[in-house]
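Next come the chains, spelled out residue by residue.
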Protein chains: 4
Amino acid sequence: MNTTGTLFRVSIFGESHGEKVGVVIDGVPAGIMLSEDDLNADLDRRRAGAKGTTPRKESDAPHIVSGVFDGHTTGAPLTILFDNENTLSGDYSNLIKHPRPGHSDFVARVKYDGFNDYRGGGHFSGRITLGMVAAGALAKKILASKGIKISAEVTSIGGDTEKRHWSVIIEQALTSCDSVGGIVECRAEGVPVGLGEPFFDSVEARLSHLLFSIPAVRGVEFGDGFASAAQKGSEHNDRIKDGEGHTFTNHAGGVNGGITNGNDIVFRIAVKPTSSIATTQMTYDFDTNKVEPLMIKGRHDACIALRVPVIAEAAAAITLVDFMLMREGYRKR
Amino acid sequence: MNTTGTLFRVSIFGESHGEKVGVVIDGVPAGIMLSEDDLNADLDRRRAGAKGTTPRKESDAPHIVSGVFDGHTTGAPLTILFDNENTLSGDYSNLIKHPRPGHSDFVARVKYDGFNDYRGGGHFSGRITLGMVAAGALAKKILASKGIKISAEVTSIGGDTEKRHWSVIIEQALTSCDSVGGIVECRAEGVPVGLGEPFFDSVEARLSHLLFSIPAVRGVEFGDGFASAAQKGSEHNDRIKDGEGHTFTNHAGGVNGGITNGNDIVFRIAVKPTSSIATTQMTYDFDTNKVEPLMIKGRHDACIALRVPVIAEAAAAITLVDFMLMREGYRKR
Amino acid sequence: MNTTGTLFRVSIFGESHGEKVGVVIDGVPAGIMLSEDDLNADLDRRRAGAKGTTPRKESDAPHIVSGVFDGHTTGAPLTILFDNENTLSGDYSNLIKHPRPGHSDFVARVKYDGFNDYRGGGHFSGRITLGMVAAGALAKKILASKGIKISAEVTSIGGDTEKRHWSVIIEQALTSCDSVGGIVECRAEGVPVGLGEPFFDSVEARLSHLLFSIPAVRGVEFGDGFASAAQKGSEHNDRIKDGEGHTFTNHAGGVNGGITNGNDIVFRIAVKPTSSIATTQMTYDFDTNKVEPLMIKGRHDACIALRVPVIAEAAAAITLVDFMLMREGYRKR
Amino acid sequence: MNTTGTLFRVSIFGESHGEKVGVVIDGVPAGIMLSEDDLNADLDRRRAGAKGTTPRKESDAPHIVSGVFDGHTTGAPLTILFDNENTLSGDYSNLIKHPRPGHSDFVARVKYDGFNDYRGGGHFSGRITLGMVAAGALAKKILASKGIKISAEVTSIGGDTEKRHWSVIIEQALTSCDSVGGIVECRAEGVPVGLGEPFFDSVEARLSHLLFSIPAVRGVEFGDGFASAAQKGSEHNDRIKDGEGHTFTNHAGGVNGGITNGNDIVFRIAVKPTSSIATTQMTYDFDTNKVEPLMIKGRHDACIALRVPVIAEAAAAITLVDFMLMREGYRKR
């Protein structure tokens, strides 16, 4: 449902065109210095501005309304709210009758008997990731104090790994009223040995759970990932080179048996091309009961992958903080 | 940890060389006809016997000790036990001192302060998946009564998608004391529209969670998966062709916005080459504090991917039953 | 932590003197007609106004910011916010140094290393129950549509069960700068047979869990409760009189084996006297390291039990809705 | 459902006349010395033998089948099995047609559509508490190493607090084919300040949750409990006498604001008289559709309260260990 985590628990809420979106973070250790400013850098990265992402201006200003006192976390649930600005905008009701391909319009209509807030995708909107990013910024701050650093970046757009080609690829997508997919790679450095809990809370299990919650994610792989399916054991196995568990190679992506092994955690996620495209698409119309042409209005990201790195970092950070807290619980004393 | 699910809850336990492994399934609806025989077909598929999988003979006979009465499930927790046969076998203590590359030996030693049962990987052993497969067989029986069918198969071994090449590839791996990876594809047919729960319990999130719990899995993708990162929106979007949500194509793999859309769910998982190989590997030795050659004894699967299809089916079935039960809870009446 | 429930999940947040308190309700079935007005009657009952409760004026106006669209629930998380009005009021820092007897001041200071928001008890304040009451109002609306009615009332104050004595009892408590406890009884009518889930989610287990979350509750009993410890089986056992499970008596309070039996659920809760009293109390002072006299300023409820009925109803309603949703999941079809 | 706990997780399974009952304990820290012998003292106390408890002989021998290696816990799930001995005994099918007053026979029949294992109450049997007691013995061992001691005893039988009267009271109950209720008091000493998690995981909330899971419990109270409802604040408030939080009195039972305050936790539970009595009771017969006399065969406890102390200790110990592990997670470092 809309909550994740065992000790560090993140609950998100809101709809694209509702009054507010937000996040409640329960299980935040007390005494962490925190203000809205700590969240803004990551929120700005999500909002982006790079070509290929929506130019729509929204404040995205976080507002902490509980859980912080005198500039520090209190140990009580930390709630962060964001105002939506376009709550009165336009008529989206045609999305129910004529659902957009690749979107949640159709499934939401069926699942919620037509009561879903369909405006801009409602609760299925990517705007809901604001709360994840804010929670991630806090989580990264906690991890940084333990020497753990998380960073993600786009490594491929439209199948092309050459960064210098990307702006042309995106330009062409926009020109042709189309969109393109991409790959995001994320790395966590400084991770101690022993995070993750067998059997069902392996590092990959919990991380992929959050990553696949991000709209538009189609694939997740760790270390060599899908390439490892074509490898031999003698190639894939990482030989251990010291007593801290460092390995000569890192085909495993920092995880053995679902537990962190002291090397960098490395994973990649495949992001599909933005579903909203400005070209006409044929799709079923519930009013006419026929397949009819649909034209989606408004401006949209040509490459949603560009926004994903900071969300992927958030997913990783939230997961790792939870594992860190759990590990302390089980630690021998 | 070792339990998964919201209403249909699966808890696994046991170690490779302990006395028993098993599973407790809580939340099984009452009145389902069930005996050990219903589980054997899938357990046999897991045990395999195909070239490339361990010839080791173990009974793998399931023993239901609670939750079934007069041949039907009772609604109480259903417990299935399996005996381990090789509980007294040999000396594995060198695995602590000289951890195997690609295995959990090192991380388990650190995580559990040396108290882990290291014999055969202990609780990290693939043998623990017996319980998942048994739970999956029950879940598939429940789904079958609703018209849902789940099936998985190996689609690639060692990078080769031609089935007729596989036995040679495996033969060569065995001859060269090596192992090979593979790809498994799974499909769920007859799935109704509307399964999955936003935001963090999307179909992909929950499915990947279980799939990445399976030892040796390195990647998971839905529909076109990683290939979609190189596609355009106009290629990737599935146009809806009727009021039931059927689409002309299925690039999405049956899921939009994290919710089933009425088309087949399709996903693929990348399985790394078996970590245990008979060739000598250099790796750190805690006794000598040096990198030393390690020779792993015993016979091992040359291609662990061959065992994975039935486990992937189990993961999918367990997840879908849970979603089905949840949906009934939320359904409008 | 700050979330409760399996399918109908209630998360509360906020502090007494923070900016807002609120509640997120996840798992609300779509299509329930709902506006702020539906919540006000119960919120008014909680605010009270009866002699013996705080005269402090606060708007307590609920503000729904997500999960409702076009006057109906959407199936997405429903968030309700309340503004705090006295966020700048006064200096409470002495509560850290000189903790109030019966309050959380001391334990919060230790638990959160002094970072807790100590103003007015912070997150431990009874003000946090606003969210529970709002969630309860929604839950009661859902239950009403199934023919289930929940009602609670005070049955004893200061040990006196005669209602006509109460105003004198409270008057005297106020005059003597003291406070009094009370008993609240709650009844749920129209409950179907079969709610509750063995073993750890019995009706009593889950209900008491929520009831003991309410500040000031010291005891919970079902049916004859503590009196049953002095009874004989022949007195206590309720004989069944028809095929619907109705019984001639209701010593069990509507629950057998942890499962509803079709009779009214009846429980009572003991509420301690308000901890804040206007009389001087000796208690430890961390500044002087001595036991020193403490005078608590401000006006306080003389009998907090008067506010508890509507909160007890909320606890019961939230629990029963969750059980109703779970039962649908497991129902044979 | 049948699992409880956040980090220290206890799952029970089994039926009275099934093949086995048992418990899986997940989240046990590694490195605790443990054998079956550590469990036997508590299991013997539960079996009892005192007049008033069933003379039925059952081995109740625990069998650890996972999670212990070389005499220590491994960190993996710890599974303990118990054989049932009377699995073939007699015909209980009349319990479906003619449900026993005070028992789960009727509700289980309805809830599970008649598929419940009705023999001896099936999964609702008190025999299921074997697993709780075993888990409790382990939990108490963990707590003892932290200086925490838990002990419970019967303080009243049939309304009489004089221990020297009890054997006569029980004798008379047996002679008159009847049963009697009782009160059990439990105390936890050496508990540190700060256990428990607001808002919904207060100490009382979590403890009562487990206590009300124990069959036959009708009431739970902390500290002065129901008596506090007749007290004044000036009587009830515990003045703090030192910097460790020790109080001059302990009316609160060791808990303020739901958090342990460093004083002994004290609670009492009301146990109803055994439902199975040898006297004839009128109750509904589904075969004849009339209220008919029912005679319950077999020998039964005259006072089930006598068995409850060790189960109450288990409930307390399981809860406190979980809180201890959680606290370590959140502790400032």
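Residues numbered from 1 in each chain as written. Chains lettered and ligands numbered in written order. Predicted model: local features only at pLDDT ≥ 70, side-chain atom pairs only at ≥ 80, totals over all residues. Heavy atoms only, no water.

Asker: Looking at this model, I keep getting lost on the pattern of salt bridges. Mind explaining?
Answerer: Charged atoms that come close allow side chains of opposite charge to pair. Scanning the entire structure with this criterion turns up 92 salt bridges over all chains. Between E189 of chain D and K149 of chain D there is a salt bridge, with the nearest N and O atoms lying 3.8 Å from each other. Note that E189 of chain D is positioned in strand β9 (residues 182-189) and K149 of chain D in strand β8 (residues 149-157), a separation of 40 residues in sequence. Here R206 of chain D ties to D322 of chain D by a salt bridge, and the two come within 2.4 Å at their closest N and O atoms. Taken together, the residues span a long stretch of sequence, with R206 of chain D in helix α6 (residues 203-211) and D322 of chain D in helix α8 (residues 308-330) at a distance of 116 residues. The pair R206 of chain D / D322 of chain D is uniform in exposure class, with both members buried. Put simply, D44, R46, R47, D60 and R127 of chain A are held in one network by salt bridges that share partners. (Salt bridge = Lys/Arg side-chain N within 4 Å of Asp/Glu carboxyl O. Helix = DSSP H or I, 4+ residues; strand = E, 2+ residues; numbered from the N terminus. Buried < 20%, exposed > 50% of the residue type's maximum accessible area, 1.4 Å probe, protein only.)

Asker: I would appreciate a short explanation of the relation of the copies chain C and chain B in the present structure.
Answerer: Mapping between the two chain copies consists of a rotation about an axis together with a translation along that axis. Superposing chain C onto chain B takes a rotation of 180 degrees combined with a translation of 0.0 Å along the rotation axis, leaving an RMSD of 0.0 Å. What we have between these two chains is a two-fold relation. When each C-alpha of chain C is compared by its distance to the rotation axis, G329 of chain C comes out closest, at 2.4 Å. Interface overlap between copies is the fraction of interface residues in one copy that are interface residues in the other; for chain C against chain B it reaches 93%, indicating a shared surface. (Least-squares fit on C-alpha atoms with pLDDT ≥ 70 in both. Contact = heavy atoms within 4.5 Å.)

Asker: Is there a simple way to explain the interface of chain C and chain B in this structure?
Answerer: Taken together, the 14 residues of chain C in the interface contact 13 residues of chain B. Between chain C and chain B, roughly 1300 Å² of surface is buried when both sides are summed, and carbon and sulfur atoms account for 56% of that area. At the boundary of chain C and chain B, one finds 0 salt bridges. Remark: the boundary between chain C and chain B carries 1 residue pair in polar contact (both at pLDDT 80 or more). (Buried area = accessible area lost by both parts, 1.4 Å probe. Polar contact = N/O pair within 3.5 Å; in protein donor to acceptor, adjacent residues only side chain to side chain.)

Asker: Would you mind showing me how to read the interface of chain A and chain B here?
Answerer: One widely used convention gives an interface's size as the accessible area the parts lose upon coming together. Between chain A and chain B, the contact holds 101 residues from the first and 101 residues from the second. Contact with chain B buries area across many residues of chain A, yet F199, F200 and R218 of chain A alone supply 12% of it, more than any other trio. Note that K111 of chain B is salt-bridged to E197 of chain A, the shortest N-O span being 3.0 Å. Inspection of the chain A/chain B interface yields 48 residue pairs in polar contact (both at pLDDT 80 or more).

Asker: Looking at this model, I keep getting lost on the packing of helix α6 (residues 203-211) of chain C against helix α8 (residues 308-330) of chain C. Mind explaining?
Answerer: Packed helices, taken two at a time, are described by the angle their axes make and the gap between the axes. Residues and elements named next belong to chain C. Their axes nearest at 9 Å, the elements α6 and α8 cross at an angle of 140 degrees. Viewed along their axes, α6 and α8 adopt a mutual orientation that is oblique. Between α6 and α8 lies a crossing of right-handed hand. Contacts from V203, R206, L207, L210 and L211 of α6 reach α8 at A312, A315, A316, I318, T319, D322, F323 and M326. Split by residue class, the contact of α6 with α8 holds 10 nonpolar, 1 polar and 2 charged. (Axes fitted to C-alpha atoms, helices over the stretch in contact; angles between N-to-C directions. Parallel < 35°, antiparallel > 145°, perpendicular 65-115°, else oblique. Left-handed = near helix turned anticlockwise from the far one by under 90°. Nonpolar A, V, L, I, M, F, W, Y, C, P; charged D, E, K, R; others polar.)

Asker: How should the relation of the copies chain A and chain B be read in this particular structure?
Answerer: The two copies are related by a screw operation: chain A maps onto chain B through 180 degrees of rotation and 0.0 Å of translation along the axis, at an RMSD of 0.0 Å. In this assembly, 100% of the residues forming the interface of chain A have copies in chain B that are likewise at the interface, indicating an isologous arrangement.

Asker: Sorry if this is basic, but what is going on with the side chain of R268 of chain A here?
Answerer: Residue and element names in this part refer to chain A. If you trace the backbone, R268 turns up in strand β13 (residues 265-271). Of the polar contacts made by the side chain of R268, one reaches the side chain of E185; its length is 3.1 Å. Within the structure, R268 has its side chain in polar contact with the backbone oxygen of G223 (distance 2.3 Å).

Asker: Any chance you could explain the sheet that holds strand β1 (residues 3-4) of chain C here in plain terms?
Answerer: By definition, the strands of a sheet pair up through backbone hydrogen bonds, in either a parallel or an antiparallel sense. Residues and elements named next belong to chain C. Reading across the sheet, the 5 strands line up as β1-β2-β3-β7-β4 and stay open at both edges, with antiparallel pairing between neighbours. Each edge of the open sheet carries a strand with a single partner, namely β1 and β4 (63-66). Across 6 bridges, strand β2 (residues 9-14) lies against strand β3 (residues 20-26) in antiparallel orientation. If you follow I12 over to β3, its bridge partner there is V23. Sheet strands touched by helix α4 (residues 129-144): β2, β3 and β7 (78-83). Its angle to β3, the strand with the most contacts, is close to 35 degrees. (Pairing = 2+ DSSP bridges.)

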